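In case you want the letters, here they are:
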Amino acid sequence: MKRIASFSVNHDKLEKGMYISRIDGDIVTYDIRMKKPNNPKNDYLENGTMHTFEHLFATYVRNTKFANNVIYVGPMGCRTGFYFLTRDSISHNEALSLIKDTFEFIKNFEGEIPGTKREECGNYKEHNLQGAKSTAENMLSILENWTEEKMTYEK
């Protein structure tokens, strides 16, 4: 079988940040790397944290002016980050700005997490708002000086 693009990235060189993973037609896949892959401390996104982050991330971006151009928000199975898929009508700089705004929203979020009623979610009990807020705060410090030029994977 053909090796997929995401398995061709050297995960031992990958650092926290936001990368352009691939472009397929008019769809851009961003790799939002929130944990260093294969780290010796076994530091990965905890399931409740990742779940809450997903609910807040997806809700926020789908309530912005870019909503009609957001395709997908979802966690990576390796628990080191999220994929964010958009139409290419959102520039890379706009996507970066949207992610920063989203993480600021998550960092400051108070109240009931959207979509956490039993009838709305298949695992409505497993959430960790404090973990999501802490992760967002950490990523904001990483992305503070991030630019479009940094969105390319290191070879």
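Residues numbered from 1 in each chain as written. Predicted model: local features only at pLDDT ≥ 70, side-chain atom pairs only at ≥ 80, totals over all residues. Heavy atoms only, no water.

Q: What should I look at first to understand the pattern of salt bridges in this one?
A: Side chains that carry opposite charge are capable of pairing whenever their charged atoms lie near each other. If you walk through the whole model with that rule in mind, you get eight salt bridges. The closest approach of N and O atoms between Glu112 and Lys117, which form a salt bridge, is 3.0 Å. Exposure remark for Glu112: the relative accessible area of 54% places this residue in the exposed category. (Salt bridge = Lys/Arg side-chain N within 4 Å of Asp/Glu carboxyl O. Buried < 20%, exposed > 50% of the residue type's maximum accessible area, 1.4 Å probe, protein only.)

Q: Which parts of the structure should I look at to understand the nonpolar core?
A: Considering soluble globular proteins, one finds that nonpolar side chains tend to be buried as a cluster. Counting 39 residues, the largest nonpolar core has Met18, Ile32, Phe53, Phe57, Phe84 and Phe103 as its most contacted members. Sorting the residues of this core by element identifies strand S1 (17–24), strand S2 (27–33), helix H1 (47–61), strand S3 (70–75), strand S4 (81–87), helix H2 (92–108) and helix H3 (129–143) as the ones contributing at least two each. Those residues in contact with Phe103, other than ones at most four positions away along the chain, are Ile32, Met34, Phe53, Phe57, Ala136, Met139, Leu140 and Leu143. (Core = buried A, V, L, I, M, F, W, Y, C linked by side-chain atoms within 4.5 Å. Helix = DSSP H or I, 4+ residues; strand = E, 2+ residues; numbered from the N terminus. Contact = heavy atoms within 4.5 Å.)

Q: Explanation requested: the packing of aromatic side chains in the structure shown.
A: In this description, a pair of aromatic rings is defined by centroid distance and the angle of the planes. One pass over the full model with this rule turns up eleven aromatic pairs. Ring geometry for Phe57 versus Phe103: centroids 6.0 Å apart, planes at 90°, classification edge-to-face. Remark: Phe103 occurs in helix H2 and Phe57 occurs in helix H1; sequence separation between them is 46 residues. An aromatic cluster is built from Tyr30, Phe53, Phe57, Phe82, Phe84 and Phe103, whose rings are joined through pairwise contacts. (Phe/Tyr/Trp six-rings, centres within 6.5 Å; stacked < 30°, edge-to-face > 60°.)

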